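Close look at the chain arrangement
Spelled out, the chains give:
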Amino acid sequence: MQAVILAAGESKRFWPLSENKHKSLVKICGKYLIEWCINTLENIGIREIIIVQSARKDIENCIGKKDNIIFLTQEEPKGMGDALEKCKDFLNDYFLVLSPYHLEEDILANIIKTFKRRRNPILLLSKTKNPKEYGIVKIEDNKVIEIVEKPNGANEKVYFKIVSIYLLAKDFFNFHVNTSHYSFEEALNKMIKNYEFENVFLDKEPLTLKYPWDLFNFSKYIIENIIEKPFISNNAKVSEKSIIENSYIDNNAEIKENSIVKDSYVGKNSFIGNNSL
């Protein structure tokens, strides 16, 4: 199994934090967001990773070359289909397509578990009452028969939307014609009509990163679910008169007297003064 991380978008809604860099290069708890995504993929057994980046090559410059990662470049933001075409010659068979902020291990592990059971392409679906904002699926006999992009619909009805994580077969490229910004969606619709897909229904809304304030949700998730706590680095200076509970204290951090730190990540070289809460 391989994974393709799409990280070439312009991220205009993430301004000003996306100025001169991709939004996945924001650091949370000591690592770039895309590094947390890579760690999650490796945790579920996917080590062959392709990253599609912009012409700036900022992802590659920041995280560095790695033996298990291929970096490719999308010179202009021409959509998902165009980005995947860059990967075509490097893909073997089935592959996961995701964004660099998809790091929830339970969701990704469930996709892989479903694939191992049935070995079919997979669509990830969740409920919504706002169809105008998403790609909405039509389902008959528990099978997706069509994806309709941002249809009009009454808000009182519950719809199923496509979550932007896909497990596809390389046969996807037999249906893909790279002629428009929405060529991915067009090819996926063609493939659905000719291929047996599995549906994975989510009972929770996955984390998404559209706006700068979404980072609060990612920080909370990483602190609560990923980093090992409690941990205090041997290089950290922590006063015996401070109180540290369920927190991660990184290298060379310093915490002075009578400070209270709970359920937190204290980064490298950070300083917390006396009587801080």
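Located above this text is the structure these notes cover.
Here goes a summary of the coordinates provided. Here the structure is a predicted model, which means the values were calculated and not measured.

Focus on the sheet that holds strand S12 (residues 231–232)
Pairing within the open sheet is parallel, and its three strands lie in the order S12-S15-S18. Because the sheet does not close on itself, it has two edges, and the strands there are S12 and strand S18 (265–266). Bridge count for S12 against strand S15 (residues 248–249) is two bridges, and the pairing is parallel. Considered in S15, the bridge of Ile232 is made with Ile249.

Brief notes about the sheet that holds strand S16 (residues 254–255)
Within the open sheet, the three strands sit side by side as S13-S16-S19. Their pairing is parallel. Edge positions in the sheet fall to strand S13 (237–238) and strand S19 (271–272), since each of these pairs with one other strand and no more. As defined by bridge partners, S13 adjoins S16 across two bridges and the pair is classed as parallel. Paired with Lys237 across the strands is Glu254, a residue of S16.

Structural notes on the environment of Ser259
With respect to the helices, strands and loops of the structure, Ser259 is situated in the loop between S16 and strand S17 (260–262). On a C-alpha basis, the gap between Ser259 and Ser242 in space is 4.7 Å, while along the polypeptide they are 17 residues apart. For Ser259, the residues in contact, after removing those within four places along its chain, are Lys241, Ser242, Ile243, Ile272, Gly273, Asn274, Asn275 and Ser276. Among the polar contacts listed, one links the side chain of Ser259 to the backbone nitrogen of Ser276, at a separation of 3.3 Å.

Cut-offs and rules
- Residues numbered from 1 in each chain as written.
- Predicted model: local features only at pLDDT ≥ 70, side-chain atom pairs only at ≥ 80, totals over all residues.
- Heavy atoms only, no water.
- Pairing = 2+ DSSP bridges.
- Helix = DSSP H or I, 4+ residues; strand = E, 2+ residues; numbered from the N terminus.
- Contact = heavy atoms within 4.5 Å.
- Polar contact = N/O pair within 3.5 Å; in protein donor to acceptor, adjacent residues only side chain to side chain.

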